[in-house]
Amino acid sequence: MTTPAEDHAAPAPPRRAALLTGLALTAGTLAAGVTAGCSTPRATHAHNLTTPPAAPSAPPATATRAAPVLAPAPRRYPAQPSEITHGPRTHPSKVALTFHGQGDPAVANSLLGEAEKAGARVTVLAVGTWLDEHPDVARRILDGGHDLGNHTLRHVDINAMSPTEAAAEIRGCADRLKRLTGSIGTWFRPSRSPRASPLVQRLARDAGYPHTLSYEVDSLDYTSPGATAVIRKVLAEVRPGSVVSMHFGYADTVAALPALLHELDRRGLRAVTTTELLS
């Protein structure tokens, strides 16, 4: 998540001979189902993926259903710059895992489920066309207690676009989030670049986002280097306050997440939403 470091992708780190303890089963189940290439993940088959938790049975007629969660609006953080790459180092126990939202929703459900089993919360930057194809995923993200934000309408090179085109990319995704959740989303992240140009930062502010959200740790999971490589890359660079870029749609990410969260916990680092990291 999201995030398109693919424009400056380095060669994938070599695959290790064996995954960390507990990863082999998950990786073997998922590896056949997801393809490389962050911008256009290939459709996968549900039977190759970890089965999402079964939907709860309908409550009795006398029971009262909980009201749906509404997405919070973007917030201004006076102590933070226009473009945020990390949170305060004064919260020694917190980091934010952020996910580019695109690809097979079954993979997204698997990742969210693994995070929730570990008591972690994440930030999802959704692509607008993905929300068009899978509108239920927005509610799934929010109901799980995660942040949901804007990663442009079509995931194109927004920094290379004209002001009119770039504004349409930002507002197009914002409109979909508003229609689905009642909010334009908590964050905006530029597409196809880890940083937003000054023009894109201004257009994002005009659309209602006081900050653009970047990151300081790139997992390189979209290069499909193997789960062990993803884990080692993140753990080599993460520190208190870090914002980490990861992606939905990749088997290595699903396989890596349980062990990554376990190791973060062992180091005293808790994965929280970006909102909580900055609060």
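Bear in mind the structure is a predicted one, so any value in this text is a computation, not a measurement.

1. So, the overall build of the protein chain
The secondary structure content of the protein chain amounts to nine helices and eight strands. By the burial criterion, 55% of the 279 residues in the protein chain qualify as buried. Partitioning the intrachain contacts of the protein chain with sequence separation of at least 6 by distance along the chain shows that 82% fall at a separation of at least 24.

2. Side note on the pairing of strand β7 (residues 243–247)
Judged by how many residues are buried, β7 sits mostly within the fold: five of five residues are covered. Pairing of strand β2 (residues 94–101) with β7 involves five bridges; the strand directions are parallel. Looking across to β7, one finds that Phe99 is bridged to Met246. In terms of strand pairing, strand β6 (residues 217–218) meets β7 through two bridges, oriented parallel. Directly across from Val217, in β7, lies its bridge partner Val244. What joins β6 to β7 is helix α7 (residues 227–237), and the crossover it makes is right-handed.

3. Quick look at helix α6 (residues 198–207)
Along α6, the residues classified as buried are Val200, Gln201, Leu203, Ala204 and Ala207. Here the buried residues of α6 occupy an arc of 165° about the axis, which is enough to place them on one side. On its buried face, α6 sits against β1 (83–84), α5 (163–181) and β5 (212–213). Of the residues one or two after α6, Gly208 is the one with positive phi, at around 115°.

Scoring rules and cut-offs
Each residue is numbered by its place in its chain's sequence as written, counting from 1. Per-residue local features of the predicted model are confined to residues with pLDDT of at least 70, and side-chain atom pairs are confined, for both listing and counting, to 80 or more; whole-chain, interface and lining totals are unaffected and use all residues. Where side-chain values are given, they derive from all heavy atoms of the structure, hydrogens and water being excluded. Numbering of helices and strands runs from the N terminus, with a helix taken as a DSSP run of H or I at least four residues long and a strand as a DSSP run of E at least two residues long. For every residue, the accessible area (1.4 Å probe, protein chains only) is compared with the maximum for its type, and the residue is labelled buried under 20%, exposed over 50%, or partly exposed between those bounds. Every residue pair with non-hydrogen atoms within 4.5 Å of one another is taken to be in contact. Strands were regarded as paired on the criterion that DSSP finds at least two bridges between them. Classification remark: right-handed applies to a crossover when, strands pointing away from the viewer, the course from the first strand over the helix to the second runs clockwise. Here the arc refers to the directions that run from the helix axis out to each C-beta atom.

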